[in-house]
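Here are the chains, one letter per residue:
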Amino acid sequence: MLRLALKMLFGDHAKYLMLISGITFATLLMTQGAALFCGIMSWTYSPLRNIRAHVWVSDPKVEQVNDSKPLRDTDLLRVRSVDGVAWAAALYQGYNQARLVDGTFKFVTLVGLDATTLAGAPAEMIEGSLEDLRLPNTVIIDQFGVEQFTQKRGVPVGVGESFEINDREARIVGICRTQRSFTGGPFVFTTYDRIASYVPGQRKLLSFVLVEPAAGVTPLELARRIERETGLRAYTRSEFMWSTIWWYVRNTGIPINVGLIVMIGLVVGIAISGQTFYSFVLENSRNLAALKAMGASTMTLCVMLIVQSLAVGLIGFGIGLGIVCAVGTMVLHLGKVPFLLLWQIPVASLVAVLLISVLAAVLGIWRIVRLEPAVVFR
Amino acid sequence: MQLNEWSAAASAIRVLGIEKAFGEGTSRTPVLRGAALEARRGEMLMLVGPSGCGKTTLLSIIAGTMHADAGQVEVLGQRIDRMRAGQVTRFRAHHLGFIFQQFNLIPTLTIAENVSVPLLIQGLRPGAAERRAREILDRVGLSDKTESRPSKLSGGQQQRVAIARALVHDPPLVICDEPTSSLDSENGRQVMDILRDIACDPHRCVIIVTHDNRTYRYADRMAEMEDGTIRHVLGSPAEIAAAHAAQGIPARTAAS
């Protein structure tokens, strides 16, 4: 009977395509919306991925990695004095304008690394050498910097070329690979002691202290110890990531807007699938009544209906997820659209699609339960 | 009179004192008023009468698809009015075959699949069910249409498929609701010929609700209904022939 149920469904091409379209569209909206949200959120904590450290120490009021409230230089020494610290390095992170050779300005995330250790340096160099950062007036830019600084030139910006920050020369000695920032501006790495010349008029420049725990000390233990002993805020990498994400969730309209997309997907899915499935049952009610008269139990017919709705749900979900993956691959290749498809997203979408399918089936089941087999004789 | 007073030996259907009304309160309309009927195995019984006399309602009650308000219903020796809903459903699946006025073939299934439905309901495997369906389709002359869809068949062919579906599980009782009313006279005759040839055997009862007087000559007995009761049951060939003659209907041929 289940095979017949599927043949009944697949044979009604118009209804079948309508149902598949509804579920596909719902999957597309929900999954794409959630992947977009995760993508945006992953951009918010990109400094944590581009500047590598186990523990980040900041002003007690700092809640997220893009918001730095400068520390005193002596705070670096206080952190170093905490038991369990292997090393601690100064870090500047701020937003500045770069003036290109053609006179245009670009907004950049300027990062000042400790010149001695280069702690927090980018993990992957595409071109040039990290050590060259110790040469005078030098910077390392990322692949987005190359793209944005090249926009009005025919030839890509490369190692050996210069631009200006605060009228000071910034000579490119390397190109690294980073994760895109929330603001979209490229990361420009230089040394901490050179920051003073690039950033005018700021009394304090120490945005964060990057800390490495000594052997046998976990980042979490060390973070709590630093907080106890210095009164500063210390985050493990994971803590800082979630703190940043929650800050954006609380303080921006992103979750509401993306949540609306996901909800629209769910409602559209329920509406289209429920209505189409119900009309499918209505149109087949005389045949279903005939099956009931011939001895098919209500339970059998309900199971047939559930199988039909689950089949539509799974096929629609598969197609929808396939489209999302294709679109995601495309946008990731372009690199300009936030997209992060965590494994939890398809799982949650599948649960939502199954919910849609069950709701659609329930409407049909309600009809079948009330269906009198005697109607077939009228 | 109680049902147990009747002879049960060859009886397929025995109903007594059936009452049924539709609606509530002042709009309550009685449809059956103490209807009583008996049908035997091996006979083709026609239930005839004017529209609205309660034929289809009585047929639904006999088929177990509708409950009577009062009365006793015994089908194939089982009191189906005392059965629970699930029991009646299983009883129908195993013992009853149905032929409907509008054929009720599932349009998205092939003819063989449509015919195999009663066997699938009984739980037979699809392969075995379809083999059996092809055999019975061969008997109704549709062996070349097994993979066709119902929409590709004429009305007469669709009703032959419905006959095959009604008989595929070899039920002892076949219930037919106006089997020829959607067909022209030639197709109606063919359908009745097939019903007479294939459906009728000594162990099976065929009960037909009809007001198509062209089909009367195929009946072994005719029960005439009026105002919710059975007025007459014409039993002997002479009685039926006389009734046919009175209506200008030719007598059944020897072949049929």
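Thresholds, definitions, all that
Residues numbered from 1 in each chain as written. Chains lettered and ligands numbered in written order. Predicted model: local features only at pLDDT ≥ 70, side-chain atom pairs only at ≥ 80, totals over all residues. Contact = placed C-beta atoms within 7 Å. Helix = DSSP H or I, 4+ residues; strand = E, 2+ residues; numbered from the N terminus. Expected span 1.5 Å × (residues − 1). Buried ≥ 20, exposed ≤ 12 C-beta atoms within 10 Å, placed from the backbone. Arc of directions from axis to C-beta. pLDDT = per-residue confidence, 0-100. Pairing = 2+ DSSP bridges.

(A) Here's a closer look at the interface of chain A and chain B. Chain A puts 21 residues into the contact, and the matching count from chain B is 24 residues. Taken together, the elements giving at least two residues each to the side of chain A that touches chain B come down to α1 (2-11) and α10 (285-293) of chain A.

(B) Representation of helix α7 (residues 219-230) of chain A within the structure. Residue and element names in this part refer to chain A. Between its terminal C-alpha atoms α7 stretches 16 Å, which fits the 16 Å expected from 12 residues at 1.5 Å a residue. Every buried residue of α7 is accounted for by Pro-219, Leu-222, Ala-223 and Ile-226. The buried residues of α7 occupy an angular sector of 100° when projected down its axis, which confines them to one face. In this structure, the buried residues of α7 make contact with β1 (55-58), α4 (73-80), β2 (85-99), β9 (208-213) and β10 (233-236). Gly-231 sits one or two residues past α7 and shows a positive phi near 75°.

(C) Fine view of the confidence of the model for chain B. All names here are of chain B. Looking at chain B as a whole, the pLDDT averages 85, with 89% of positions reaching at least 70. Mean pLDDT in chain B bottoms out at helix α7 (residues 237-246), which sits at 66, and peaks at helix α3 (residues 111-122), which reaches 93. Predicted complex, confidence summary: ipTM 0.83, pTM 0.76.

(D) Broad picture of the pairing of strand β4 (residues 70-75) of chain B. Residues and elements named next belong to chain B. Bridge count for strand β1 (residues 11-22) against β4 is 5 bridges, and the pairing is antiparallel. Opposite Arg-14, over in β4, you have Glu-74 as the bridge partner. Across 2 bridges, β4 lies against strand β5 (residues 78-79) in antiparallel orientation. Paired with Glu-74 across the strands is Arg-79, a residue of β5. Counting the residues between successive antiparallel strands, the hairpin from β4 to β5 contains 2 residues, one of them, Leu-76, with a positive phi of roughly 50°.

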